[in-house]
Amino acid sequence: MDTLKKNKYKYVNKMLSADMVEFLTSYSLKNFTKGDDQVPLSSANHSRNSDIYNHLIHYLLPIMEKESNLKLKPTYSYNRIYLGGAELVKHKDRNACEISASITLKYFYQDPNYKWPLCMGNKPIVINSGDGVIYKGCEIEHWRPVFNQPKEYWHHQLFIHYVDVNGPYSDIKEEV
């Protein structure tokens, strides 16, 4: 049974190589920006502001289509470096995020045994570096509890968003 259909999310190993994870985090730390309204204690960047992150939604398209069993159209990507004390409140995504993935890049924790989950509904999921969770962003509430680390510690996450070519949001354009 496909867990994306059944549970509205699916864990996928090795969506990105260790080298790619290292590159993306190094790049993002050097291009640190102000957080967004959703998570003020963060650095965030939309794919329209970065050729690298814009390319990633196309680079990961074959994996997303294989794992979702859907024909997908890229809409946008987003990456966020959460800082200690950050929290992502429960929410569902807008229509441009019909089929999405949250991919853990690198992280720096004070306690090396600390685990910071992404919650799908009420199910906490710890995502290893390079792995991701594909989910139906408009259908399942997702969130993160408070990042219980001092402010100088961080967690880097990549979000990639698509719509089903044969679904109700197929007319949504890519945000470039």
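Structural data are supplied above this passage.
Here the structure is a predicted model, which means the values were calculated and not measured.

What counts, and at which threshold
- Residues numbered from 1 in each chain as written.
- Predicted model: local features only at pLDDT ≥ 70, side-chain atom pairs only at ≥ 80, totals over all residues.
- Heavy atoms only, no water.
- Buried < 20%, exposed > 50% of the residue type's maximum accessible area, 1.4 Å probe, protein only.
- Helix = DSSP H or I, 4+ residues; strand = E, 2+ residues; numbered from the N terminus.
- Pairing = 2+ DSSP bridges.
- Axes fitted to C-alpha atoms, helices over the stretch in contact; angles between N-to-C directions.
- Contact = heavy atoms within 4.5 Å.
- Core = buried A, V, L, I, M, F, W, Y, C linked by side-chain atoms within 4.5 Å.
- Arc of directions from axis to C-beta.

**Q** It is not clear to me how the pairing of strand β3 (residues 72-83) should be interpreted in this structure. Could you clarify?
**A** A regular strand places its side chains so that they alternate between the two faces of the sheet. Where burial is concerned, most of β3 is hidden: 10 out of the 12 residues are buried. By the bridge criterion, 5 bridges tie strand β2 (residues 42-46) to β3 in an arrangement that is antiparallel. In the sheet register, S43 faces β3, and the bridge partner there is I81. Where β3 and strand β10 (residues 154-164) come together, 11 bridges link them in antiparallel fashion. By the bridge assignment, P74 is partnered in β10 with Y162.

**Q** Explanation requested: the sheet that holds β3 in the structure shown.
**A** Note on sheets: strands pair through backbone hydrogen bonds, and any given pair is parallel or antiparallel. Spatially, β1-β8-β5-β10-β3-β2 is the arrangement adopted by the 6 strands of the open sheet, whose pairing is antiparallel. In this open sheet, the two edge strands, each paired with only one partner strand, are β1 (9-12) and β2. If you compare each strand with its neighbour and ignore which way they point, the axes differ by 20° on average. Where β1 lies against strand β8 (residues 132-135), 4 bridges are found, and the strand directions are antiparallel. Pairing of K10 across the sheet is with I134, part of β8. The strands that helix α2 (residues 18-30) touches are β3, β5 (99-108) and β10; relative to β5, the one it contacts most, it runs at about 75°.

**Q** Sorry, what's going on with the nonpolar core here?
**A** One broad trend across soluble globular proteins is that nonpolar side chains are buried collectively. Counting residues in each nonpolar core, the largest one holds 24 residues, and the members touching the most others are Y9, Y82, W116, M120, I125, V133 and Y135. Within the residue set of this core, elements represented by two or more residues are β3, β6 (118-120), β8 and β10. At 3 residues, the largest contribution of residues to this core is made by β3. Once residues within four sequence positions are removed from consideration, W116 is found in contact with Y82, A86, Y109, R144, P145, V146, F147 and H155. V12, L72, I99 and L105 belong to the second largest nonpolar core, which has 21 residues in total.

**Q** Explain unusual backbone geometry to me, please; I cannot follow it from the model alone.
**A** Outside of glycine, negative phi angles account for most residues, and trans bonds account for most peptide bonds. We note that K8 has phi near 75°; this positive angle belongs to a residue other than glycine. With respect to the element layout, K8 can be found in the loop between α1 (3-7) and β1. Note on K8: relative accessible area 29%, which makes it partly exposed. Its identity as a non-glycine residue notwithstanding, K14 has a phi of 50°, on the positive side.

**Q** Honestly, helix α3 (residues 51-59) in this entry has me stumped. Any pointers?
**A** Side chains that are three or four residues apart share a direction in an α-helix, a result of its 3.6 residues per turn. Within α3 the residues assigned to the buried category are Y53, N54, L56 and I57. Projection of α3 onto a plane perpendicular to its axis shows the buried side chains occupying an angular sector of 150°, all on one side. Tucked inside the fold, the buried residues of α3 contact α2, α4 (61-68), β3, β5 and β10.

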